[in-house]
Amino acid sequence: STNTSKSPTIAAIATATGRGGVGVIRISGKDLLPFAQQITGGKTPKPRTALYTDFLDQNGNAIDNGLLLYFAAPASFTGEDVIELQGHGGQIVLQMLLQRCLELGARIAEAGEFTKRAFLNNKLDLAQAESVADLIDASSQSAARMAVRSLKGAFSQHIHSLVEDLITLRMLVEATLDFPEEEIDFLEEADAKGKLARLQVQLSTVLQQAGQGAILREGMNVVLVGAPNVGKSSLLNALAGDDVAIVTDIAGTTRDTVREQITLDGVPIHITDTAGLRQTDDVVEKIGIERSEKAVQNADVALVLIDPDEGLNDTTHEILFRLPENLKRIEIHNKIDLRGEQAGLQNEVSGSLKSGADMLIKLSAKTGEGLDLLKQTLLDAIGWQGESEGLFLARTRHIHALQAAQVELENAALCGNNQLELLAEHLRLAQVACSEITGEFTADDLLGVIFSRFCIGK
Ligand code: GDP
Ligand code: ZN
């Protein structure tokens, strides 16, 4: 039987829901050749060769016909035997095929279970496994390029090299602990201080690149706030390049939150046009306002549109009052075309306007003047430095782990010559933090490495 309780066969429809020319069912498990033979009526597929065949039901009637691909363990995505049934992409026929797989002893795979098996069978490390999901979810071409680099191991390689250098340094320090009378000379001779300093540089480079990658992955949330009629919808349309919001001359037209994603220099930017954050008794408007408040709470930057002729009216005051205190604000004076003003950026808002922003941009949503300035300012606000070859599509988890390792290295650097135990501990914690990224740290692994390099002749 293919359905052992220890390593059950899993099956799932691998293609997107809906109609398609081709639909794929993926099956992973142990010894799947009997499975293949039952579904094909006795044919034996060759590994990595397309077999054109009928897919048969219990009674030998064709459910569908198509290609069967067989990947023999361990040369497969999961490291187990994998079979792919490529049939026609209709939901009914795919469901019937999946049902047939269940009859043959498979169970429906959990979300991410194929990738999880790949990780458990050492086909991918944790960071690579995560990049599979990131590639599928990528919301811009740049993000997709970075995800595939991580999937192919670019990020993991940097982590491995960090961990290897950490292990070398740890071995030095821990070996020295055994010979207290010679410790200082020994460490100086081996340039432990220099090694630690180079590790710190190496780590901050990876952290910087991972930070840029995280920007690419997470994108940026921007909210447009301001009194009715100041030009929020128009600015959203101008940034998005087409009509997503309703623009009218009647104040308060934008009742619902309108969200649009644009891509600036590869970075996905989610822009939300708020319905105006203010008190209301109108039920429909209330729903919109609740959504707006949520968008505001999740925002990285608020574009505060103010009519310079009106200044801060009551509505704007109330809106500003409702913005989170630490939310970065950029003040926007729209409609310069009406006032005959030049587009421009001012870094400190002087004069009577006190929106709490640290910069002011004058632009026209109608003519597009000043829009490029705004786009660049948004990218600067999150620290985007442009796509480059060295970036990884990092996750917040990775950033936190790298930051934790950085703190440990900083503490290690502060250790004096009489604090070698403490130094060793900081280095160990730095390694634990780094190894969390690739998911392969265990204390036994490390001991194994240390002993295999040290025990001979000692
Ligand atoms: P909202 O209520 O803040 O979303 O404002 P809208 O985007 O609906 O704009 C209100 C009115 O101002 C509309 O009639 C727009 O056409 C007009 N408007 C918006 N931006 C500009 C601009 O830059 N120049 C001019 N001349 N009119 C604008
Ligand atoms: Zn509007």
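The structure presented is a predicted model; accordingly, all values stated were derived computationally and were not measured.

### Focus: the overall build of the chain
Helix and strand counts for the chain stand at 16 helices and 13 strands. The buried share among the 458 residues of the chain stands at 47%. Carbon together with sulfur atoms contributes 51% to the accessible area of the chain, which is approximately 22800 Å² in total.

### Some details on the sheet that holds strand 3 (residues 51–56)
What holds strands together in a sheet is hydrogen bonding between their backbones, with the strands either parallel or antiparallel. Spatial ordering of the open sheet is given by 3-4-5-2-1-6, a layout of six strands whose pairing is mixed. Each edge of the open sheet is held by one strand with a lone partner, namely strand 3 and strand 6 (107–108). In this structure, strand 2 (residues 20–29) lies alongside strand 5 (residues 81–89), joined through nine bridges in antiparallel fashion. Across the sheet, Gly 29 pairs through a bridge with Asp 81, a residue of strand 5. The sheet strands contacting helix 2 (residues 91–103) are strand 1 (10–13), strand 2, strand 3, strand 4 (62–71), strand 5 and strand 6, and the helix crosses strand 2 at an angle near 15°.

### Here's the deal with the pairing of strand 11 (residues 328–333)
For strand 11, the buried fraction is high: five of the six residues fall into the buried class. Inspection of the sheet shows strand 10 (residues 301–305) paired to strand 11 by five bridges, in the parallel sense. Each bridged residue has a counterpart across the sheet, and for Ala 302 the counterpart in strand 11 is Arg 329. Pairing geometry for strand 11 and strand 13 (residues 359–362), over four bridges, is parallel. For Glu 331, the partnering residue across the bridge sits in strand 13 and is Leu 360.

### With respect to helix 13 (residues 371–381)
The complete set of buried residues in helix 13 reads Leu 371, Leu 374, Thr 377, Leu 378 and Leu 379. Count one or two residues on from helix 13 and you reach Gly 383, which has phi positive near 80°.

### What about the environment of Gly 390?
Locating Gly 390 in the fold gives a position in the loop between helix 13 and helix 14 (396–414). For Gly 390, a relative accessible area of 22% corresponds to the partly exposed category. Between the alpha carbons of Gly 390 and Phe 155 there is a distance of 9.0 Å; along the sequence they are 235 residues apart. Among all residues touching Gly 390, those that are not within four sequence positions of it are Arg 149 and Gln 209.

### What to know about the packing of aromatic side chains
If you walk through the whole model with that rule in mind, you get zero aromatic pairs. Seen from the ring of Phe 114, Arg 26 lies directly overhead, with NZ or CZ sitting 5.4 Å from the centre.

### Regarding the nonpolar core
One finds Ile 159, Leu 402, Leu 409 and Leu 427 to be the most contacted residues of the largest nonpolar core, which totals 38 residues. Counting residues per element, the ones that place at least two in this core are helix 6 (154–177), helix 8 (192–218), helix 14 and helix 15 (420–438). Of all the elements, helix 6 adds the most residues to this core, at ten residues. Contacts of Leu 427, omitting those with residues within four sequence positions, involve Leu 166, Leu 169, Arg 170, Val 173, Leu 196, Leu 409 and Ala 412. Within the second largest apolar cluster, 35 residues are counted, among which are Ala 147, Leu 216, Val 222 and Leu 264.

### Topic: the pattern of salt bridges
Taken as a whole, this structure holds 14 salt bridges when the rule is applied. With a closest N to O distance of 2.9 Å, Arg 117 and Glu 80 form a salt bridge. Placement of the pair is Arg 117 in helix 3 (residues 113–120) and Glu 80 in the loop between strand 4 and strand 5, with a sequence separation of 37 residues. With a relative accessible area of 12%, Glu 80 lands in the buried category. In this structure, Lys 328 engages Asp 358 in a salt bridge whose closest nitrogen and oxygen atoms are separated by 3.5 Å. Within this pair, whereas Lys 328 is found in strand 11, its partner Asp 358 is found in the loop between strand 12 (344–346) and strand 13, the two being separated by 30 residues in sequence.

Thresholds, definitions, all that
In every chain, residue numbers begin from 1 and rise along the written sequence. Written order decides the labels, with chains lettered from A and ligands numbered from 1. Reporting in this predicted model follows two pLDDT cut-offs: at least 70 for local features of residues, and 80 or more for side-chain atom pairs to be given and counted; totals over whole chains, interfaces and linings ignore these cut-offs and use all residues. No hydrogens and no water enter the side-chain calculation; it runs on all heavy atoms of the structure. Only DSSP runs of H or I with at least four residues qualify as helices, and only runs of E with at least two residues qualify as strands; both kinds are numbered from the N terminus onward. Relative accessible area decides the class of each residue, using a 1.4 Å probe on protein chains only: under 20% of the type maximum gives buried, over 50% gives exposed, and in between gives partly exposed. Areas reported here follow the Shrake-Rupley algorithm with a probe of radius 1.4 Å; residue values treat only the protein chains shown as occluding. Being paired, for any two strands, means DSSP has found at least two bridges between them. When checking whether two residues touch, look at their non-hydrogen atoms; a contact exists if any pair is within 4.5 Å. Every axis corresponds to a line fitted to the C-alpha atoms, with the helix fit spanning only the stretch in contact, and the corresponding angles, defined between N-to-C directions, vary from 0 to 180 degrees. Any pair of Phe, Tyr and Trp rings, taking the six-membered ring for Trp, is counted once the centres come within 6.5 Å. Such a pair is stacked with planes under 30 degrees apart, edge-to-face with planes over 60 apart, and tilted for the rest. Throughout this description, the term charge over a ring refers to an Arg CZ or Lys NZ atom that lies within 6 Å of the ring centre and within 35 degrees of the ring normal. Buried Ala, Val, Leu, Ile, Met, Phe, Trp, Tyr and Cys residues that are joined via side-chain atoms within 4.5 Å together make up what is termed a nonpolar core. In what follows, salt bridge is the name for a side-chain nitrogen of Lys or Arg lying within 4 Å of a carboxyl oxygen of Asp or Glu.

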